[in-house]
Amino acid sequence: MNNLQDRPVTGILLRVLSGLLFTGMLVSIKAVSDAVPVGQSVFFRSLFALLPIMVFLVLRHEFPRGLATRRPLGHALRSGLGAAAMFASFAAVALLPVAEATLLAQLTPVFMAVGGILLLGERFSLYRAGAIVLALGGMAVLVLPGLSADGADGQVAGYALGALSALLTAGALLTVRRISRTETAASIAFYFILVSSLAGLATLPLGWAALSPTEFGLLVLSGLFGGAAHIAMTLALRYAEASRLAPFEYIALVWPVLADWVLFGIPVSSAFLLALPLMLSGVALAAMEGRRLKWPLRR
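Described below are features of the structure shown in this document. Computed from a prediction, not measured in an experiment: that's the story for all the values here.

1. Quick look at a positive patch on the surface
Then step 1. Where like charges cluster on the molecular surface, the positive patch consists of Arg70, Arg71, Arg178 and Arg181.
Then step 2. For Arg71, the position within the fold is in the loop between helix 3 (38–59) and helix 4 (72–95).

As structure tokens, this is what we get:
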């Protein structure tokens, strides 16, 4: 038996841990968002994410051998899309509760299902149609109540940036699907972080904030949390099938709800609670698309 069958509990625990670490990253970014420009946050998050990832690669004996590449243009496209997604995500979390920004990130598998049809020539199925309908319904339930509220402009901009981040992330992951046939996971992670760091550094002429010790510490934590979350997710997918991990997306959303309530004093909204089952059901259908289901009549 392979690792995927031998250690599903380990995979599930790592998926839950990755959700907690990802929430820690977003909380750190949101805590400094009023004082620190997005580009500066992207730079520090990417720079300090290198530390846990480099340690991980050394322990796996993949550094520097695993960084060799035969697809530099593929890495450039994947890393560029990923860096743009990070900018949009950090801008969204500055405008929205952490829970809502995290929920919008769950749209990524749905956008991947659409992208697979439009870009990769994959078949259109009832699973994909259902995923799209449920995801759009969830988006409508989440966004529409905020259109008439005070400060609606900033809230709607946050929703748009969150959806844009999910779309860009889907593009990045579709690119990963193409280049992973020849490229290692180590090289894909390393070059993404390198390009994101350079993209954040490029915003220095636009003006960066003078950091207090607390702000600097939070930015360092955002990088450490982000790098560790990437490692935990990578290992989770090694030890358990993606379809088995899908139900634990609900647990991953518990952490941002608690963070909003305990750290920022933001109660969970009724719109979020109504949108949650719709959007995650769409995600589940998108995940099921990749599985070969054995119907009784298909023998």
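2. Thoughts on the side chain of His75
Then step 1. Tracing the backbone through its elements, the reader meets His75 in helix 4.
Then step 2. The buried category is assigned to His75, whose relative accessible area is 4%.
Then step 3. A polar side-chain atom of His75 sits 3.2 Å from a polar atom in the side chain of Thr69.
Then step 4. If we skip the residues at most four places from it in the chain, His75 touches Thr69, Ile179, Glu183, Ser187, Ile188 and Tyr191.

3. Some remarks on unusual backbone geometry
Then step 1. Residues Phe63 and Pro64 are joined by a peptide bond in cis, for which omega reads 0 degrees.
Then step 2. Relative to the helices and strands, Pro64 is located in the loop between helix 3 and helix 4.
Then step 3. At His61, a position not held by glycine, the phi torsion is positive, near 60 degrees.
Then step 4. Residue placement: His61 occurs in the loop between helix 3 and helix 4.
Then step 5. Owing to a relative accessible area of 62%, His61 belongs among the exposed residues under this scheme.

4. Some words on the environment of Ala199
Then step 1. Relative to the elements of secondary structure, Ala199 occurs in helix 9 (residues 185–201).
Then step 2. Ala199 gets classed as partly exposed once you look at its relative accessible area, which sits at 26%.
Then step 3. In this structure the C-alpha to C-alpha distance between Ala199 and Ser46, which are 153 residues apart in sequence, comes to 9.7 Å.
Then step 4. Ignoring any residue separated from it by four or fewer positions in sequence, one finds Ala199 in contact with Ala83 and Phe87.

5. As for the environment of Leu211
Then step 1. By the secondary structure assignment, Leu211 is in the loop between helix 9 and helix 10 (213–239).
Then step 2. Discounting residues that sit within four places of it in the chain, Leu211 has contacts with Val36, Gln40, Phe44, Phe216 and Leu219.

6. Digging into the packing of helix 2 (residues 8–32) against helix 4
Then step 1. Contact pair helix 2 / helix 4: the axes reach a minimum separation of 9 Å and the direction vectors enclose 65 degrees. When the axis of helix 2 is compared with that of helix 4, the two are roughly perpendicular. Every pair of crossing elements has a handedness; the one defined by helix 2 and helix 4 is right-handed. For the pair helix 2 and helix 4, the contacting residues are Met25, Leu26, Ile29 and Lys30 in the first and Ser89, Phe90, Val93 and Ala94 in the second.

7. Description of the packing of helix 5 (residues 98–105) against helix 13 (residues 254–263)
Then step 1. One can describe the packing of helix 5 onto helix 13 by two numbers: an axis separation of 7 Å at closest approach and a directional angle of 160 degrees. With respect to each other, helix 5 and helix 13 are oriented roughly antiparallel. Viewed along their axes, helix 5 and helix 13 form a crossing whose handedness is right-handed. Here Val98, Ala99 and Thr102 of helix 5 come into contact with helix 13, specifically with Pro256, Val257 and Asp260.
Then step 2. Among the residues making up the contact of helix 5 with helix 13, the classes are represented as 4 nonpolar, 1 polar and 1 charged.

8. A closer look at the packing of aromatic side chains
Then step 1. One pass over the structure, following the stated rule, counts 7 aromatic pairs.
Then step 2. Seen in terms of ring centroids, Phe43 and Phe44 are 5.3 Å apart; in terms of plane orientation they differ by 80 degrees. Their pairing is edge-to-face.
Then step 3. Residues Phe43 and Trp208 carry aromatic rings whose centres are separated by 5.4 Å and whose planes lie at 40 degrees to one another, so their mutual orientation is tilted. With a gap of 165 residues between them, Phe43 in helix 3 and Trp208 in the loop between helix 9 and helix 10 connect regions that are remote in the sequence.
Then step 4. The exposure class of Phe43 is buried, given its relative accessible area of 14%.
Then step 5. The class for Trp208 is partly exposed, based on a relative accessible area of 24%.
Then step 6. Three or more aromatic residues joined by ring pairs form one cluster here, namely Phe43, Phe44, Phe48, Trp208 and Phe216.
Then step 7. Residue placement shows Arg78 over the ring face of Phe192; its charged tip is 4.4 Å from the ring centre.

The rules behind the values
Residues numbered from 1 in each chain as written. Predicted model: local features only at pLDDT ≥ 70, side-chain atom pairs only at ≥ 80, totals over all residues. Heavy atoms only, no water. Patch = residues over 30% accessible without salt bridge, like charges linked within 9 Å, V, L, I, M, F, W, Y side chains within 5 Å. Areas by Shrake-Rupley, 256 points an atom, 1.4 Å probe, with all protein chains shown as cover. Salt bridge = Lys/Arg side-chain N within 4 Å of Asp/Glu carboxyl O. Lys, Arg positive; Asp, Glu negative; His and termini not counted. Charge placed at Lys NZ, Arg CZ, Asp CG, Glu CD. Helix = DSSP H or I, 4+ residues; strand = E, 2+ residues; numbered from the N terminus. Buried < 20%, exposed > 50% of the residue type's maximum accessible area, 1.4 Å probe, protein only. Polar contact = N/O pair within 3.5 Å; in protein donor to acceptor, adjacent residues only side chain to side chain. Contact = heavy atoms within 4.5 Å. Axes fitted to C-alpha atoms, helices over the stretch in contact; angles between N-to-C directions. Parallel < 35°, antiparallel > 145°, perpendicular 65-115°, else oblique. Left-handed = near helix turned anticlockwise from the far one by under 90°. Nonpolar A, V, L, I, M, F, W, Y, C, P; charged D, E, K, R; others polar. Phe/Tyr/Trp six-rings, centres within 6.5 Å; stacked < 30°, edge-to-face > 60°. Lys NZ or Arg CZ within 6 Å of the ring centre and 35° of its normal.

Everything listed here is a matter of coordinates, which is why it stays silent on function.
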